[in-house]
Amino acid sequence: MNCKIVYIVSFLFVILFNSCIEKRKLSYSLKSTNEELSFILDNNTKSSIMTMFVYNDNEFEYLTFQNPSKNEILFYDLETCNLKFKICPEIEGPNGVAFILGYYIHNLDSIFLTTRSFEEISLIDCNAKVIDKYEYKYTLDSTELKRFYSTTSIYTPIAILNNKAYIVPGCNRWQEVNPVSAYIDLSTKHVISLPFNYPSFPNTENKNKRAGIEEHMSRCFDGKNFIYSFYFDENIYVASIDHKNLKKIKVKSKYIKEVEYIDDFGKTTIERSCELSNYGNMIYDKYRKLYYRIAYPKTTIEKNVKGYELREYGRKYFTIIILDDKFNIIGETKFPDYTYNPRLIFVRKDGIYICNSHYLNPNYSDDILGFTKFVHNSEHPHPVFPPQLASF
């Protein structure tokens, strides 16, 4: 009899313990604070920013971003929110780099620029003087690569490791080898593709198109691994630096029943695409060793809302899935309609800053690029659980 009682008590304890662990596992969320940063824009700079990075030169911490309509990178002091200086690469001439879309600041004398025009990366210094140029149209084994942009609205920044620039070339359905990633050896200028091809997706049978929804994707780097988030895939892909080790891990929003696809033959309007359920950027938080995956649950937009502008400013409604350092989901936070732009997020030691300059936000001003600071509601250590591996 006593043995039965002990067994029942032990069994109930295990159930209770597991229940508590599960609650702790999903206890993280992002909470808005009263702290905001506001950066005053001049008349020539729009708030629909596509590339934005924080840069620290050990003296100042800057918020940097590219003027969407100019060859101009602006540097704002993050403490004062004042504009400190601009770097303005020339379009033509001896220091010409064409029209740029995206950049990466390795240091102030090594700024990498990606161009809208062709498969080339320019390296400039803080005076916009061209130091070198790197063409990446073909790899050493003659694989053709498509254009790459080091942007943050679609989060695919260059990663510099051991004097190699890791890039994310565009998709090319027309060739058998279709690499998601490649690197440029900055010493030899050799271009090497990495062994991870673009995944195939349902409803991508239009053979007249070089690419479709495959290119809707994001990549971040955590110091050891590259993490890929394809917008129309509930899984993420974790790759070693050489991409020889690849894990496919399910990271599904609890607010999304299933991913909805854009029509591959162009029948989906921009307005309709802003209503479909899918995913967005993947961002690494090096200060907390966490990952944030944007998710867009299914919604309905009002008739007077223009899809093109809405897409530029981060759609109507989104959530952020929070992952621990083992890629376990430990929380998910919903955000209010038409308030924040999840395409513009940066991380600092004191919190996560999300752009509040959504053009349908009642407080929106086209003269200001604003951010709200968010913090985690939970500071306690969270338990480690094995991630859910998805089959290939």
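Below is a summary of the structure that appears in this document. Remember, it's a predicted structure, so these values are computed and weren't measured experimentally.

Rules and cut-offs
- Residues numbered from 1 in each chain as written.
- Predicted model: local features only at pLDDT ≥ 70, side-chain atom pairs only at ≥ 80, totals over all residues.
- Heavy atoms only, no water.
- 1 Å grid on protein atoms, 1.4 Å probe; cavity = no way out; pocket = protein on both sides within 12 Å on 5 of 7 lines; lining within 4 Å.
- Points joined across faces, edges and corners; volume = space filled by probe spheres on them.
- Helix = DSSP H or I, 4+ residues; strand = E, 2+ residues; numbered from the N terminus.
- Nonpolar A, V, L, I, M, F, W, Y, C, P; charged D, E, K, R; others polar.
- Phe/Tyr/Trp six-rings, centres within 6.5 Å; stacked < 30°, edge-to-face > 60°.
- Buried < 20%, exposed > 50% of the residue type's maximum accessible area, 1.4 Å probe, protein only.
- Lys NZ or Arg CZ within 6 Å of the ring centre and 35° of its normal.
- Patch = residues over 30% accessible without salt bridge, like charges linked within 9 Å, V, L, I, M, F, W, Y side chains within 5 Å.
- Areas by Shrake-Rupley, 256 points an atom, 1.4 Å probe, with all protein chains shown as cover.
- Salt bridge = Lys/Arg side-chain N within 4 Å of Asp/Glu carboxyl O.
- Lys, Arg positive; Asp, Glu negative; His and termini not counted.
- Charge placed at Lys NZ, Arg CZ, Asp CG, Glu CD.
- Pairing = 2+ DSSP bridges.
- Axes fitted to C-alpha atoms, helices over the stretch in contact; angles between N-to-C directions.

Estimated volume of the largest pocket: approximately 990 Å³. Residue lining of the largest pocket: 30 residues in total, with Phe 53, Val 54, Tyr 104, Tyr 155 and Lys 286 positioned closest to the centre. Of all the secondary structure elements, the ones that give two or more residues to the lining of the largest pocket are β2 (52–56), β6 (100–107), β10 (159–161), β14 (217–221), β18 (278–285) and β22 (341–348). With five residues, the top contributor of residues to the lining of the largest pocket is β2. Its residues assigned to classes, the lining of the largest pocket comprises 20 nonpolar, four polar and six charged. If you add up the space inside the second largest pocket, you get close to 730 Å³.

Each pair of aromatic rings is reported with the distance of its centres and the angle of its planes. Counted according to the given criterion, the structure contains 29 aromatic pairs. Between Phe 232 and Tyr 261 the ring centres are 6.1 Å apart and the planes differ by 20°, which places this aromatic pair in the stacked class. Here Phe 232 is found in the loop between β15 (225–230) and β16 (235–240), whereas its partner Tyr 261 is found in the loop between β17 (246–250) and α2 (270–273), with 29 residues between them in sequence. Accessibility expressed as a relative area gives 4% for Phe 232, which makes it buried. For Tyr 261, a relative accessible area of 28% puts it in the partly exposed group. Look at Phe 335 and Tyr 340: their rings are 6.0 Å apart centre to centre, the planes differ by 80°, and that puts the pair in the edge-to-face class. Tyr 340 matches Phe 335 in its accessibility class, with the two residues each being buried. One aromatic cluster in this structure is built from Phe 39, Phe 65, Tyr 76, Phe 346, Tyr 353 and Phe 371. The positively charged end of Lys 84 is found above the aromatic ring belonging to Phe 60, 4.3 Å away from the centroid.

Judged by side-chain charge, Lys 224, Lys 247, Lys 289 and Lys 326 come together as a positively charged surface patch. Structurally, Lys 224 is set in the loop between β14 and β15.

This part covers the sheet that holds strand β1 (residues 30–40). Strand order in the open sheet formed by four strands is β1-β24-β23-β22, with antiparallel pairing between adjacent strands. Each end of this open sheet is capped by a strand with a single partner; those strands are β1 and β22. Shown here is a sheet whose adjacent strand axes are inclined to one another by a mean of 30°, direction ignored. Looking at chain direction, β1 and strand β24 (residues 368–376) are connected through eight bridges and run antiparallel. By the bridge assignment for β24, Ile 40 is matched with Ile 368.

If you trace the four strands from one edge of the open sheet to the other, you get β6-β7-β8-β9, paired in antiparallel fashion. Two strands in the sheet have a free side with no partner beyond their single neighbour: β6 and β9 (130–135). Pairwise comparison of adjacent strand axes, ignoring direction, gives a mean angle of 20° for this sheet. Pairing of strand β8 (residues 120–124) with β9 involves five bridges; the strand directions are antiparallel. From the neighbouring strand, Ile 124 faces β9, where its bridge partner is Val 130.

Coordinates in, geometry out; function isn't part of it.
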